[in-house]
Amino acid sequence: MSAQAGTTPAAAIVCPGVADQLPEVPASAQAEVDRNLALLDTQLKEANNRLATSAGQGGPNFVQNAILGPLASKRGATIDRIAIAIGRTAERPTGLDSLSTCTLGSDTAAAELSADDFVDIRQVPRTEQPEATANASTGTFVSQCGTNSEGRVNTDNVIMAPGVSDGAQPMLDYVGNMSTDAFSTNESLAAADTSCRNQADQSAYFWPVLRELGEKDESGAAEAAGTPVQPSAVRMEYRGNPTSQVTAAPRYLRLFSGDARAATNGGANAQETWTCTGFTDRLTDKYPICPSGSELVRVLDMPSCWDGENLDSADHRTHLVFPDEDGACPSGTQAVPQLRMTLVYNDVANTPPDGTDVPFAVDGFTSEGNDPSTDHAGSINVMSKQLMNNVVKCINSGRRC
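Conventions adopted
Residues numbered from 1 in each chain as written. Predicted model: local features only at pLDDT ≥ 70, side-chain atom pairs only at ≥ 80, totals over all residues. Heavy atoms only, no water. Helix = DSSP H or I, 4+ residues; strand = E, 2+ residues; numbered from the N terminus. Disulfide = S-S within 2.5 Å. Buried < 20%, exposed > 50% of the residue type's maximum accessible area, 1.4 Å probe, protein only. Phe/Tyr/Trp six-rings, centres within 6.5 Å; stacked < 30°, edge-to-face > 60°. Core = buried A, V, L, I, M, F, W, Y, C linked by side-chain atoms within 4.5 Å. Pairing = 2+ DSSP bridges. Axes fitted to C-alpha atoms, helices over the stretch in contact; angles between N-to-C directions. Contact = heavy atoms within 4.5 Å. Salt bridge = Lys/Arg side-chain N within 4 Å of Asp/Glu carboxyl O.

Even without a glycine there, the phi angle at Asn148 is positive, about 65 degrees. Looking at the element boundaries, Asn148 is found in the loop between β4 (140-143) and β5 (153-154). Even without glycine at this site, His316 takes up a positive phi of about 65 degrees. Within the secondary structure, His316 is located in the loop between β15 (305-306) and β16 (320-321).

Written as structure tokens, this is what we have:
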């Protein structure tokens, strides 16, 4: 599958991950490291596009000499710049050279989306939730921010690839802050308008678009990359913790959930959750087929256990992590209001898939095959201090606000 749902290369180039092999990145090097990590993604995208458009060209060594070899050289130079940036103010990391070499594969990440990636929601067992303790914070606070009727989309990712245009590559939907793109800063976000009804919530909220896929032609190729479908309802809900009270999240805290490369990364950071209206006690990691009268639902939970110090981290994850299976935050972290994004779609076909003729998929990277495990979302908290304090009071007192 390509980054545009519905196209299918015969194979895909797979490269070792770099971000998860880095030591702690000094704050002074963070921006440069992020730019180069995003450049690695761009290089891989370009190489996969070359692979798809050059099928059948050259001799037996064409792919190695014309695509994989040059890609390794580019990656090596980029990885070296990352090491140099870190080494200016900390110990320079070693052993990264081996990460420059990529391989040609045809694994599940490059496989075509099929009926195996879908499930009838009525066949999904009910999902158990952690039981609330006596110290639980059981309230909720909803920020009404619209459904992106303005059609604000881009292929940036201000959290995972700040300062890099097209750093996301998948197309992203936005609500909340009206200025969010790759070049947003805390200052620009604070100065921007918001689609949220409460103007004190200037937070940025985003997720990859969902595409309704076109029928295939006689060659088996999709007629179109798929039509983006706007959610019919979007709910930004802040929730409590089943084992403790919550504390205020700091302004400009970066939140990211899921992994856009979960298919090739092994799924350790995958957080995909799908369901249907009327069946919200049944959650699945596959695309659900909803019965007549029921609508497709995406549930995107953000991590909610903060380290109490950092607004971001080198991998954009370790400063804010998920609670354990019982709902408790790990030692050294504290519970902050958990953001749950719930997206409902009433215009998506619920036709059961037939082989590789499937009805819809999330937008994604070329290498990921539009796998449901790659669903992800991000947010930057830009609530006023007063509003965040109101959120905390509401949740800790067990109210619905």
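What follows covers the state of the cysteines. Under the definition given, this model contains five disulfides. The disulfide partner of Cys15 is Cys102, and the S-S distance across this bridge is 2.0 Å. Between Cys15 and Cys102 the sulfur-sulfur dihedral comes to about 110 degrees; the bridge is accordingly right-handed. One end of the pair, Cys15, is in the loop between β1 (12-14) and α1 (27-53); the other, Cys102, is in the loop between α2 (62-87) and β2 (103-105), with 87 residues separating them in the sequence. Taken as a pair, Cys15 and Cys102 share a single burial class, namely buried. In this model, Cys145 is linked to Cys196 through a disulfide, with the two sulfur atoms separated by 2.0 Å. Here the disulfide of Cys145 and Cys196 is right-handed, its torsion about the S-S bond being about 95 degrees. You can see Cys145 sitting in the loop between β4 and β5 and its partner Cys196 sitting in the loop between α3 (186-191) and β7 (204-208), a full 51 residues away along the chain. On the basis of relative accessible area, Cys145 is assigned to the buried category, the value being 2%.

The geometry of an aromatic ring pair is captured by the separation of the ring centres together with the interplanar angle, meaning the angle of the planes. Inspection of the entire model under this criterion finds five aromatic pairs. When the centroid spacing of 5.5 Å and the interplanar angle of 40 degrees are considered together, the rings of Tyr174 and Phe206 count as tilted. Placement of the pair is Tyr174 in strand β6 (residues 172-176) and Phe206 in strand β7, with a sequence separation of 32 residues. Clustering of aromatic rings is evident, with ring pairs tying together Phe118, Trp274, Tyr287 and Phe360.

A word on the nonpolar core. Residues Tyr205, Trp207 and Met341 are the most contacted members of the largest nonpolar core, which totals 50 residues. A per-element tally of this core places helix α5 (residues 385-396) first, with five residues. Within the second largest apolar cluster, 14 residues are counted, among which are Val18, Val25, Leu40 and Ile86.

A word on the sheet that holds β16. One open sheet accounts for three strands, arranged β16-β15-β17; its pairing is antiparallel. Two strands bound the open sheet, and with one partner strand each, they are β16 and β17 (334-335). Pairing analysis gives two bridges linking β15 to β17, with the strands arranged antiparallel. Across the sheet, Trp306 pairs through a bridge with Gln334, a residue of β17.

All right, on to the sheet that holds strand β14 (residues 296-301) then. Read from one edge to the other, the open sheet built from five strands follows the order β4-β10-β18-β14-β12, with strand pairing classed as antiparallel. This sheet does not close on itself; its edge strands, each paired only once, are β4 and β12 (274-276). Strand-to-strand twist in this sheet, taken as the mean axis angle between neighbours without regard to direction, amounts to 25 degrees. When strand β10 (residues 233-239) meets strand β18 (residues 338-345), the two strands line up antiparallel, connected through seven bridges. Bridging from a neighbouring strand, Arg235 pairs with Thr342 of β18. Where α5 meets the sheet, its contacts fall on β4 and β10, and the angle it forms with β4 comes to roughly 140 degrees.

A word on the pattern of salt bridges. Overall, the coordinates contain 12 salt bridges when judged by the stated rule. Measuring nitrogen to oxygen at the nearest pair gives 3.1 Å for the salt bridge that ties Asp363 to Arg211. With a gap of 152 residues between them, Asp363 in the loop between β19 (360-362) and β20 (376-380) and Arg211 in strand β8 (residues 210-212) connect regions that are remote in the sequence. Like Arg211, Asp363 is buried. Where Arg239 meets Glu237, a salt bridge forms, and the shortest distance between an N and an O atom there is 3.6 Å. Judged by its relative accessible area of 23%, Arg239 is partly exposed. Through salt bridges with shared partners, a single ionic network connects Asp41, Arg261 and Glu368.

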